[in-house]
Amino acid sequence: PPSLSQDQIVEAALRLTDASFLEDVSMRAVARELGVPVMTIYNYVASKEVLYELVVDHVLCSVEVPSLEIGTWDERMRQLQRAARGAMRQHPGLSLSRHSGGSKEAIRLAEGAMSILRDGGFATAEATRAFATLFTFMLGQVELDVLADSADQDEAIFERVTTGIGLSRDQLFE
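Model, not experiment: these values are computed from the prediction.

Chemist: Any details on the overall build of the protein chain? Residues and values, ideally.
Modeler: Of the regular secondary structure elements, the protein chain holds 10 helices and zero strands. When the helices and strands of the protein chain are read in sequence order from the N terminus, they spell out α-α-α-α-α-α-α-α-α-α. In the protein chain, buried positions account for 40% of the 174 residues. Sequence-distant contacts in the protein chain: of pairs separated by 6 or more residues, those separated by 24 or more amount to 66%. For the protein chain, the exposed surface amounts to about 9600 Å²; the carbon and sulfur share of it is 55%.

Okay, here's the thing in structure tokens:
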């Protein structure tokens, strides 16, 4: 009979990620966190890469793609970007750029962003370029958040650079 669930494994990996970085979380560490032999983990999750995808899926699953009723395409896109960033910020050791490649939830959100752009009247080529720009910005922002949240400093490196224009990381994101 099953002694664990995939959700328990993901939650344990997230607890470890919150204290470090996801890439530092090993299957052995997850097993230790759950008090089981490491091979038990492999009965539920085939590899570390699959675990990373499950963790990203878990974090992003609560992010909703705003519907047409929410407002204009740019208001909807801002809401989506804020929600995705907010979900990621709850787990400062988690990086989208390194672990979202096979994530079903990251794909769902990307498709949602593309639908927002198409609803806004963008042609396919324009929507693709806009998405690439917004996605790159989001990845960069999440990476800055990871770096700033992991630093034992009062100011993140990026914020030191942006002090000349008087904007915080959050203000610049907006």
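Chemist: Tell me about the pattern of salt bridges, and name the residues and values.
Modeler: This structure, assessed with the given rule, holds six salt bridges. Residues Arg76 and Asp119 are paired through a salt bridge, measuring 3.3 Å at the closest nitrogen-oxygen approach. Residue Arg76 is found in helix α5 (residues 73–89), and its partner Asp119 is found in helix α7 (residues 104–119); the two are separated by 43 residues along the sequence. Judged by relative accessible area, Arg76 falls into the buried class, the value being 4%. Note that Arg108 is salt-bridged to Glu105, the shortest N-O span being 2.6 Å. Separated by three residues within a single helix, Arg108 and Glu105 lie in helix α7, roughly one turn from each other. Classification of Glu105 as buried rests on a relative accessible area of 18%. The network of salt bridges with common partners includes Arg85, Arg89 and Asp170.

Chemist: Which residues make up the packing of helix α1 (residues 6–19) against helix α4 (residues 48–60), and what are the values?
Modeler: Each pair of packed helices gets described by two things: the angle between the helix axes and the distance between those axes. Relative to each other, α1 and α4 sit at 90°, their axes nearing to 10 Å. In terms of orientation, α1 lies roughly perpendicular with respect to α4. Contacts between α1 and α4 involve Gln6, Ile9, Val10, Glu11, Ala13 and Leu14 on the former and, on the latter, Leu51, Leu54, Val55, His58 and Val59. Considered class by class, the residues forming the contact of α1 with α4 number eight nonpolar, two polar and one charged.

Chemist: Just give me the short version of helix α2 (residues 27–34), but keep the residues and values in it.
Modeler: Along α2, the positions that sit buried rather than exposed are Met27, Ala29, Val30 and Ala31. As for α2, its buried residues are in contact with α1, α3 (38–42) and α4.

Chemist: Report on the nonpolar core, specifying residues and quantitative values.
Modeler: If you look at the biggest cluster of nonpolar residues, it comprises 42 residues, and the most contacted ones within it are Val30, Ile41, Leu51 and Val55. Counting only elements with at least two residues in this core, the list comes to α1, α2, α3, α4, α5, α7 and α8 (124–150). If you tally residues by element for this core, the top one is α4, at seven residues.

Chemist: Help me get a handle on the side chain of Gln141, residues and values and all.
Modeler: Mapped onto the fold, Gln141 is located in helix α8. Once residues within four sequence positions are removed from consideration, Gln141 is found in contact with Arg85, Arg169 and Phe173.

Chemist: Tell me about the side chain of Arg85, residues and numbers included.
Modeler: In this structure, Arg85 sits in helix α5. On the basis of relative accessible area, Arg85 is assigned to the buried category, the value being 6%. A polar side-chain atom of Arg85 sits 2.7 Å from a polar atom in the side chain of Asp170. When sequence neighbours within four positions are dropped, the list of residues in contact with Arg85 reads Met138, Gln141, Asp145, Arg169, Asp170 and Phe173.

Chemist: Give a detailed account of the packing of aromatic side chains, specifying residues and quantitative values.
Modeler: Overall, the coordinates contain two aromatic pairs when judged by the stated rule. Arranged with centres 4.8 Å apart and planes meeting at 80°, the rings of Trp73 and Phe122 form a pair that is edge-to-face. On the criterion of sequence distance, the pair formed by Trp73 in helix α5 and Phe122 in the loop between α7 and α8 is long-range, its members being 49 residues apart. A residue is classified by how much of its surface remains accessible, and Trp73, at 32% relative accessible area, is partly exposed. For the ring pair Phe131 and Phe135, a centre distance of 5.4 Å and an interplane angle of 20° mean the geometry is stacked. Placement of the pair is Phe131 and Phe135 together in helix α8, with a separation of four residues, close to one helical turn.

Rules used throughout
- Each chain has its residues counted from 1, following the order in which its sequence is written.
- Residues qualify for local features only when their pLDDT is at least 70, as the model is predicted, and side-chain atom pairs are given and counted only at 80 or more; totals for whole chains, interfaces and linings, by contrast, use all residues.
- Side-chain figures throughout are based on the complete set of non-hydrogen atoms in the structure, without hydrogens or water.
- By definition, any uninterrupted DSSP run of H or I lasting at least four residues is a helix, any uninterrupted run of E lasting at least two residues is a strand, and each is numbered from the N terminus.
- With a 1.4 Å probe rolled over the protein chains alone, any residue whose accessible area is under 20% of its type maximum counts as buried; one over 50% counts as exposed, and the rest are partly exposed.
- A contact between two residues is defined here by any heavy atoms of the two lying within 4.5 Å.
- Method for areas: the Shrake-Rupley scheme with a 1.4 Å probe, in which residue coverage is limited to the protein chains shown.
- The salt bridge definition used is simple: a Lys or Arg side-chain nitrogen within 4 Å of an Asp or Glu carboxyl oxygen.
- In this analysis an axis means a line fitted to C-alpha atoms, helices contributing only their contacting stretch, and an angle means the value between N-to-C directions, from 0 to 180 degrees.
- Note on angle classes: values under 35 degrees are labelled roughly parallel, values over 145 roughly antiparallel, values of 65 to 115 roughly perpendicular, and the remainder oblique.
- Classification used: nonpolar for Ala, Val, Leu, Ile, Met, Phe, Trp, Tyr, Cys and Pro, charged for Asp, Glu, Lys and Arg, polar for all others including Gly.
- Among buried residues, those of type Ala, Val, Leu, Ile, Met, Phe, Trp, Tyr and Cys that are joined through side-chain atoms within 4.5 Å constitute a nonpolar core.
- Residues adjacent in sequence count toward polar contacts only when both atoms are side-chain atoms; beyond that, a polar contact is any pair of N or O atoms within 3.5 Å, and within protein one must be able to donate a hydrogen and the other to accept it.
- Ring pairs shown here join Phe, Tyr and Trp side chains whose ring centres sit within 6.5 Å, with only the six-membered ring taken for Trp; geometry is labelled stacked below 30 degrees between planes, edge-to-face above 60, and tilted in between.

What is shown is where atoms sit, not what they do.
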